[in-house]
Amino acid sequence: MDTVKNNLLSVIIPSYNEQDMIATTFHTVKNILKEADIPFEILFVDDGSKDMTYIQIAALSKEYPEAKGISFSRNFGKEAAIFAGLESAQGACCVIMDCDLQHPPATIVEMYRLWEQGYEVVEGVKSSRGKESRFHAFCAGSFYGIISKVIGIDMANASDFKLLDRQAVDALLLMPERTPFFRALSSWIGFKTATVNFEVQERTVGTSKWSFFSLVKYAVKNITSFSGAPMQFVSLMGWVTLIFSLIFGIQSLYKYFSGAALEGFTTVILLQLIIGSVLMISLGIIGHYISRIYDEIKARPRYIINKRCGY
Ligand code: UDP
Ligand code: MG
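A brief report on the enclosed structure follows. (Residues numbered from 1 in each chain as written. Chains lettered and ligands numbered in written order. Predicted model: local features only at pLDDT ≥ 70, side-chain atom pairs only at ≥ 80, totals over all residues. Heavy atoms only, no water.)

**Observations concerning unusual backbone geometry**
Put simply, the rule is: Note on classification: 1.4 Å probe, protein chains only; a residue is buried when its accessible area is under 20% of the maximum for its type, exposed when over 50%, partly exposed between these limits.
Residue asparagine 7 is not a glycine yet carries a positive backbone phi of 65 degrees. Residue class for asparagine 7 comes out partly exposed when judged on its relative accessible area of 43%. One non-glycine residue, asparagine 17, adopts positive backbone phi at about 50 degrees.

In structure tokens:
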């Protein structure tokens, strides 16, 4: 957006109802980067928090020139916050991290060193998924299994914790889509990539913003916004039912001509039910894509910024 500064690292932190974490996160990251002698700015993106998050950010930005903040007019979601951060960042490279310190800030230094060696994208890869329930782990596992298959990139341990060179940032910002899936897009753009492993820390303050249903919504939204593969499922089911209809068709005709046609009421009911469900699911899948197209075609902005501080 503004002038890009040599060597400057922009740390982008999407924050939603994180009033108790802002100051801690800022000081932790600041101290680590100062120690490592890395020039930096820390850019908080307040994603329409309902608590004192923005007031905390604004207070920091008065005291420290490295602290900057932008605030959304309402909650637009983490992806939107990430893109807003990338758009406002002035650094020659950007790191995206969570506000709850689940992404260890010491890893940023490691990422920055790799960037200095010429890597343009440095992906943070979870060496373990931290503490989560078995059910959560199962759902996340299936989601990333599907996503990885569908987009052809192994996403099992992917995270939003990554460093992007200015060139990669600009490439991402060129993408006009309304529902960007940051985690996958940052692999999709290519560039010279390195990975660093990190241990997911436990959240100390506040709670995770994800409920089960929001995760399901997230999964459906991202799969449909990233890939058309589920549509192929519709035609696949069409072929499967066609094959069955041939078999049953021949069988019924045979029975009819051999004079034993009255049987098979159960079969009729079953077929109705199966075909009915397949049709509805298929319509649902197509419907999801239509709603994606609808969202894109409206071309509304990804987010609305109503406040800035530290600029
Ligand atoms: N977040 C956000 N907007 C949202 C939800 C979350 O900006 O609508 C931020 C949140 O403040 C945090 C990060 O995204 O910095 C990850 O959220 P959280 O810790 O709740 O997710 P989890 O670590 O459980 O995946
Ligand atoms: Mg978290």
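**A short note on helix α2 (residues 53-63)**
Our working definition: In this text, helices come from DSSP runs of H or I with a minimum length of four residues, and strands from runs of E with a minimum of two, each type numbered from the N-terminal end. Note that the arc is defined by the directions from the helix axis to the C-beta atoms.
Residues of α2 that are buried: Thr53, Tyr54, Ile57, Ala58, Leu60 and Ser61. All buried residues of α2 project into a common sector of 160 degrees when viewed along the axis, lining one side. In α2, the exposed residues that point more than 90 degrees away from the buried face are Ile55, Lys62 and Glu63.

**Observations concerning the packing of helix α1 (residues 22-35) against α2**
To keep things clear, this is the line we draw: Whenever a helix is involved, its axis is fitted only over the stretch in contact; in every case the axis is a line through C-alpha atoms, and angles between N-to-C directions fall within 0 to 180 degrees. Whether two residues are in contact is decided by their heavy atoms: any pair within 4.5 Å suffices. Residues are grouped as follows: nonpolar covers Ala, Val, Leu, Ile, Met, Phe, Trp, Tyr, Cys and Pro; charged covers Asp, Glu, Lys and Arg; every other residue, Gly included, is treated as polar.
Remark: α1 packs on α2, axes separated minimally by 9 Å, with the N-to-C direction vectors making an angle of 35 degrees. Residues Ile22, Ala23, Phe26 and His27 of α1 touch α2, and the partners they reach there are Thr53, Gln56, Ile57 and Leu60. Split into classes, the residues belonging to the contact of α1 with α2 amount to 5 nonpolar, 3 polar and no charged.

**Regarding the pairing of strand β3 (residues 67-72)**
The criterion, for reference: The pairing criterion for strands is at least two bridges between them, as found by DSSP. Classification remark: right-handed applies to a crossover when, strands pointing away from the viewer, the course from the first strand over the helix to the second runs clockwise.
Most of β3 is tucked away: 6 of the 6 residues are buried. Of the two faces of β3, the one lined by Ala67, Gly69 and Ser71 and the one lined by Lys68, Ile70 and Phe72 are each fully buried. In this sheet, β3 lies alongside strand β2 (residues 40-46) in parallel orientation, the contact comprising 5 bridges. When the sheet's bridge partners are listed, valine 45 is paired in β3 with isoleucine 70. You can see the chain leave β2, run along α2 and come back into β3, and the turn it takes is right-handed.

**Some details on a nonpolar patch on the surface**
Our working definition: Exposure above 30% relative accessible area and the lack of any salt bridge qualify a residue for a patch; like charges then connect within 9 Å, and the nonpolar side chains Val, Leu, Ile, Met, Phe, Trp and Tyr within 5 Å. Only the protein chains shown count as cover for residues, with accessible areas throughout obtained via the Shrake-Rupley method and a probe of 1.4 Å. Put simply, a salt bridge is a Lys or Arg side-chain nitrogen that is within 4 Å of an Asp or Glu carboxyl oxygen.
Residues Phe265, Ile269, Leu270, Leu271, Leu273, Ile274, Ile275, Leu279 and Met280 make up a contiguous nonpolar surface patch of roughly 910 Å² in combined accessible area. Locating isoleucine 275 in the fold gives a position in helix α10 (residues 265-298).

**So, helix α6 (residues 166-173)**
Turning to α6, its buried residues are Arg166, Ala168, Val169 and Leu172. Across the axial projection of α6, the buried residues extend over an arc of 160 degrees, all falling on one side. Here the buried face of α6 lies against α3 (78-88), β4 (91-96), β5 (121-128), β6 (158-165) and α7 (182-188).

**Brief notes about the packing of aromatic side chains**
Spelled out, the test is: Only Phe, Tyr and Trp rings take part, Trp by its six-membered ring, and two of them pair if their centres are within 6.5 Å. Stacked means planes under 30 degrees apart, edge-to-face means over 60, and tilted covers everything else.
Going through the model one piece at a time under the given rule, you end up with 9 aromatic pairs. Look at phenylalanine 72 and tyrosine 303: their rings are 5.1 Å apart centre to centre, the planes differ by 5 degrees, and that puts the pair in the stacked class. Of this pair, phenylalanine 72 sits in strand β3 while tyrosine 303 sits in the loop between α10 and β8 (305-309), placing them 231 residues apart in sequence. On the basis of relative accessibility, which here comes to 3%, the residue phenylalanine 72 falls in the buried class. Take tyrosine 303: its relative accessible area is 12%, and that puts it in the buried class. On the basis of an interplanar angle of 90 degrees and a centroid distance of 5.1 Å, the ring pair of phenylalanine 161 and phenylalanine 198 is categorised as edge-to-face.

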